[in-house]
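# Results of the structural survey
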Amino acid sequence: YKLAVILHNQNEYSQAIQNFNKAYKYGLENATSLAAITYNNWGTYLADQSKYEDAITMFELAVIHDQKCSMAYANWGEALYRLARYDDAIVMYQKSIDLNPRTAAYYNMGIAYQDKQDYKNAINIYKKTINFDPDCYLAYYYLGSIYSTIKKYKDYNKAIRMFEKTIKLRPKMVEAYFNLCNIFKEQGKLVREKKMFLKAIRLCDIFDNQGKLVRENKRLIKDIRFALQLKIKRIQQNKHLLNRQSQ
């Protein structure tokens, strides 16, 4: 058993599994759950290398050893999500939540629904995420993104409230300011638009020590808007909260 723990800590997962199995044969009851954790960690190690199919095999072995290993289900869902198997991912997130509710599993389920363009369920899951964890700023942010961009659910007042809540929880999240800026522009509220835009660019470190713009001209504003749009695109591409089992 002690050898298995050492091997696990050295990321020698295959040998660790062998020793945990031997420990179980000799009567150590919790050896199977430790083997499940090892398979789970092995899976996350593979997923970090984008070897998602191999990672899924490890997560499946984890739950075979311990059907109550909620993190294995959550990480399994994440691997399926990365393969764009959204429906399967949602099933795994729900299994994880049923065993042991976590913010990441709730939130990532919302992302899966949003990416499969099931906005009704995405909204419901983001709301559940907030009820479970009122400090999950990303749930507010993506609710705001749906309310501000999806025609069927467009409601600027709701979107504003969501982005303002995001900013309250995450004052330096430039994307939220920028999205508020766009909403105020659409509403013709130019004073509020300018206020949000100035807050956004202040977070982009383009002011001098006296708080004055280093270079205020149309090209600069255009460059800033483009940079912010790229940043929002990056956060859309990497919007998952990671589920990780730390041992």
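Residues numbered from 1 in each chain as written. Predicted model: local features only at pLDDT ≥ 70, side-chain atom pairs only at ≥ 80, totals over all residues. Heavy atoms only, no water.

With that out of the way, let us pick up the side chain of T166. Note that T166 resides in helix α10 (residues 156-169). A polar atom in the side chain of T166 sits 2.8 Å from the backbone oxygen of M162. Look past the residues within four positions of T166 in its chain and what remains in contact with it is Y137, Y140, Y141, M173 and A176. (Helix = DSSP H or I, 4+ residues; strand = E, 2+ residues; numbered from the N terminus. Polar contact = N/O pair within 3.5 Å; in protein donor to acceptor, adjacent residues only side chain to side chain. Contact = heavy atoms within 4.5 Å.)

Let us now look at the nonpolar core. Of all hydrophobic cores here, the largest spans 62 residues; its most connected members are W76 and Y126. The element best represented in this core is helix α9 (residues 137-149), accounting for nine residues. Among all residues touching W76, those that are not within four sequence positions of it are I56, F59, E60, V63 and M92. (Core = buried A, V, L, I, M, F, W, Y, C linked by side-chain atoms within 4.5 Å. Buried < 20%, exposed > 50% of the residue type's maximum accessible area, 1.4 Å probe, protein only.)

When pLDDT drops low, the exact placement of atoms in the prediction is not to be read closely. Per-residue confidence for the chain gives a mean pLDDT of 79; residues scoring 70 or more make up 68%. Within the model, pLDDT remains below 50 along residues 23-28, and this stretch shows seven contacts once partners closer than five positions in the same chain are excluded. In the predicted structure, residues 206-221 sits below a pLDDT of 50 and forms 16 contacts with residues beyond four places in sequence or in another chain. (pLDDT = per-residue confidence, 0-100.)

Let's shift gears to unusual backbone geometry. Of note in this structure, A84 is not a glycine but carries a positive phi near 65 degrees. Mapping A84 onto the fold places it in the loop between α5 (70-82) and α6 (86-99). For A84, a relative accessible area of 45% puts it in the partly exposed group. Positive phi outside glycine occurs at Q117, with the angle close to 60 degrees. Residue position: Q117 is located in the loop between α7 (103-115) and α8 (119-132).

Along the chain, F132 turns up in helix α8. With a relative accessible area of 38%, F132 lands in the partly exposed category. With 29 residues separating them along the chain, F132 and T103 place their C-alpha atoms 7.0 Å apart. In this structure F132 touches P101, R102, T103 and Y106, once residues within four positions along its chain are discounted.

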